[in-house]
Amino acid sequence: MAAANNILVVDDDGVVGSLVSSMARSIGFHCIVTKDAANCHRLVTADTAVIILDLIMPGMDGIEVLRLLGEQKCRARIVLMSGMDKRVIETAKKLARTLGLVVVGHLQKPFGVEELRIALGDIAPDESLLVAHERPKLDFPDAELARAFAQAEFVNYYQPQISLKTGMVTGVEVLSRWFNPRRGVILPEHFIARAESMGFIDALCWSTAEMALADVHQFRDKLGAQARISLNASVHTLRDLKFPDMFMALLDQHGFPADNLVIEITETGLIRELARTLDVLTRLRMKSIQLSIDDFGAGYAMMQQLQNVPATELKLDMSLVQNMHASHTDRIMVEKTIEMGHELGMEVMAEGVTTKEQVTLLQGMGCDGAQGFLFSPALPLAGLVKWLHGAGAARLI
Ligand code: C2E
Ligand code: CA
Ligand code: CA
């Protein structure tokens, strides 16, 4: 039986309901929305993993709904949602617990997709929805993006990486988010290509690196001496011959060892620009910075050229990892990539790991590391520190 991963949203405001529903869908969750607080408990089924409940509604408010759910001995997890201050939410949380309900978090309105993802915690999304669902690109006027860069509206989120040998956290991947004052949290798929075409991508790379090197002091002790930071870099940035020296100066300034820094470049970007970036990549390696080929196996056969690239890691593309169980070809692809990576002296990291079965299969194939929603989504700094204190402090597999 598939795991319960449906969401029920109870909100009197239809706009909020449909907004939450489309955000939920975009990260792989089925969603039912109702304005009918008095009868919402009837919509709860065995497939309802989470109820997102507005606290303030006319007619029947969230507190009364909590009482009804308590009487029904509802097992779904509850996320409280409100525009009120945190104290109101805290009081409601306590009440819900006394009613025997499981409250897992709260969402302070307005919120974006990333906050929703965090509130949903470890509930696995339906990956088939993610593949089937075409996410529309948000469109921004140039001026809005230019202002965002000038006002430093970009922040770093961090996704933990786990060793498949020891089960411990070995590092974090840095993923950018745009905190847009009007639209909330915006994912990189909506701004990276624009930043490249508008010429802001180098500035984004530097600010991301600087923020990560400043933040790392807040969690480095939790990761051990070999803690790695992985940064995504665009091939545009890697065409600049001065990049390695400038990067070394930045690492020196922050006292961060070069061999604990990984620069990730996508396989597609690398194929397109191999001739123009090979010298920079070689220099980075000569300075001990690690190099990772991202989205490896996503459809571009780089196998032939791989031995000519001074990479230290291959990152298996999420689509291969997630199709391994359904597709024999994808499973062979994963197995061969791991073998080949190891033969060339590289480590192999699997992305988009969402199930224990994937972990077992990958371990059997000798894959070195993994990241994915099974362990944690990308988190803001405070969320990462909290996660490392809790779940991240133990063996994760
Ligand atoms: P990527 O480097 O391949 O990063 C992995 C993406 O998959 C991230 O999306 C991450 O949040 C998401 N992800 C992680 N685990 C799972 C999972 O289990 N299931 C699913 N469905 N997704 C998962 P995100 O953060 O939206 O980033 C998208 C892409 O944008 C990144 O892909 C990377 O290529 C690019 N990017 C992100 N930050 C930066 C940056 O600072 N600079 C540059 N140049 N590119 C960036
Ligand atoms: Ca990456
Ligand atoms: Ca990737």
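In this text, all values refer to a predicted model and were calculated from it rather than measured experimentally.

Cut-offs and rules
- Residues numbered from 1 in each chain as written.
- Chains lettered and ligands numbered in written order.
- Predicted model: local features only at pLDDT ≥ 70, side-chain atom pairs only at ≥ 80, totals over all residues.
- Heavy atoms only, no water.
- Pairing = 2+ DSSP bridges.
- Helix = DSSP H or I, 4+ residues; strand = E, 2+ residues; numbered from the N terminus.
- Axes fitted to C-alpha atoms, helices over the stretch in contact; angles between N-to-C directions.
- Near = heavy atom within 4 Å.
- Polar contact = N/O pair within 3.5 Å; in protein donor to acceptor, adjacent residues only side chain to side chain.
- Areas by Shrake-Rupley, 256 points an atom, 1.4 Å probe, with all protein chains shown as cover.
- Nonpolar A, V, L, I, M, F, W, Y, C, P; charged D, E, K, R; others polar.
- Salt bridge = Lys/Arg side-chain N within 4 Å of Asp/Glu carboxyl O.
- Buried < 20%, exposed > 50% of the residue type's maximum accessible area, 1.4 Å probe, protein only.
- Donors = N, O, S within 2.8 Å, 3.2 Å for Na, K, Ca; no water.
- Patch = residues over 30% accessible without salt bridge, like charges linked within 9 Å, V, L, I, M, F, W, Y side chains within 5 Å.
- Contact = heavy atoms within 4.5 Å.
- Domains from an automatic or database assignment.

## Side note on the sheet that holds strand 1 (residues 6-10)
For step 1, the next point in the chain: Read across the open sheet, the five strands follow the order 2-1-3-4-5; overall the sheet is parallel. Only two strands of the sheet have a single neighbouring strand rather than two, namely strand 2 (30-34) and strand 5 (102-108). Mean inter-strand twist for the sheet, computed between neighbouring axes without regard to direction, equals 20°.
For step 2, the next point in the chain: Sheet analysis places strand 4 (residues 77-82) next to strand 5, joined by six bridges and oriented parallel. From the neighbouring strand, Leu80 faces strand 5, where its bridge partner is His106.

## Some details on the site of ligand 1
For step 1, the next point in the chain: Close contacts around ligand 1 come from 22 residues, with Gln159, Ser176, Arg177, Asp294 and Phe373 the closest.
For step 2, the next point in the chain: At a separation of 3.1 Å, an oxygen atom of ligand 1 approaches a polar side-chain atom of Glu173.
For step 3, the next point in the chain: Separating an oxygen atom of ligand 1 from a side-chain N or O atom of Asp294 is a distance of 2.9 Å.
For step 4, the next point in the chain: A total of 810 Å² of accessible area belongs to ligand 1 in isolation, and the protein chains cover 85% of it.
For step 5, the next point in the chain: When residues of the shell around ligand 1 are traced back to their parent elements, those giving at least two are helix 5 (127-132), strand 7 (169-180), strand 11 (290-296) and helix 13 (318-323).
For step 6, the next point in the chain: Broken down by element, the shell around ligand 1 gets its largest block of residues, four residues, from strand 7.
For step 7, the next point in the chain: Its residues assigned to classes, the shell around ligand 1 comprises seven nonpolar, nine polar and six charged.

## Some remarks on the pattern of salt bridges
In a structure, side chains of opposite charge can pair up when their charged atoms sit close to one another.
For step 1, the next point in the chain: Applying the stated criterion across every chain, the model contains 19 salt bridges.
For step 2, the next point in the chain: Between Glu153 and Arg147 there is a salt bridge, with its nearest N and O atoms 3.0 Å apart.
For step 3, the next point in the chain: A salt bridge links Asp240 to Lys242; the nearest nitrogen and oxygen atoms lie 3.7 Å apart.
For step 4, the next point in the chain: Judged by relative accessible area, which is 26%, Asp240 ranks as partly exposed.

## Focus: the coordination of the calcium ion (ligand 2)
By definition of the ideal shapes, four donors in a tetrahedron about a metal sit 109.5 degrees apart, and six donors in an octahedron sit 90 or 180 degrees apart.
For step 1, the next point in the chain: Donor atoms from the polypeptide that coordinate the calcium ion (ligand 2) comprise Glu173 (OE), Asn232 (OD1), Glu264 (OE) and Asp294 (OD), at 2.1 to 2.3 Å from the metal.
For step 2, the next point in the chain: Sequence spacing among the residues donating to the calcium ion (ligand 2) works out to E-x58-N-x31-E-x29-D.
For step 3, the next point in the chain: Separating the calcium ion (ligand 2) from the calcium ion (ligand 3) is a gap of 4.3 Å, bridged by Asp294, which donates to each. One end of the pair, Glu264, is in strand 10 (residues 261-266); the other, Asp294, is in strand 11, and 30 residues separate them in sequence. In this structure, Glu264 and Asp294 share a single accessibility class: buried.

## Observations regarding a nonpolar patch on the surface
For step 1, the next point in the chain: Together, Ile56, Met84 and Val88 give the surface a local cluster of nonpolar side chains, amounting to about 230 Å² of exposed area.
For step 2, the next point in the chain: Structurally, the position occupied by Ile56 is in the loop between strand 3 (48-54) and helix 2 (62-71).
For step 3, the next point in the chain: Residue Ile56 is classed as partly exposed on the basis of its relative accessible area, which comes to 47%.

## Observations concerning the environment of Leu68
For step 1, the next point in the chain: For Leu68, the location among the structural elements is in helix 2.
For step 2, the next point in the chain: In sequence terms Leu68 and Asn39 are 29 residues apart; their C-alpha atoms lie 9.4 Å from each other.
For step 3, the next point in the chain: Excluding anything up to four places from it in sequence, Leu68 contacts Ala38, His41 and Met60.

## Section: the domain arrangement of the chain
For step 1, the next point in the chain: Per the domain assignment, the segments of the chain are domain 1 (6-129) and domain 2 (142-392).
For step 2, the next point in the chain: Put simply, the middle of domain 1 and the middle of domain 2, counted by C-alpha atoms, are 33 Å apart.
For step 3, the next point in the chain: Taken together, the nine residues of domain 1 in the interface contact eleven residues of domain 2.
For step 4, the next point in the chain: Here domain 1 and domain 2 share one salt bridge between them.
For step 5, the next point in the chain: For Arg177, the salt bridge identified is with Glu114, shortest N-O distance 3.3 Å.
For step 6, the next point in the chain: Inspection of the domain 1/domain 2 interface yields one residue pair in polar contact (both at pLDDT 80 or more).
For step 7, the next point in the chain: The leading source of residues in the side of domain 1 that touches domain 2 is helix 4 (residues 113-119), at five residues.
For step 8, the next point in the chain: The class makeup of the residues in the side of domain 1 that touches domain 2 is four nonpolar, one polar and four charged.

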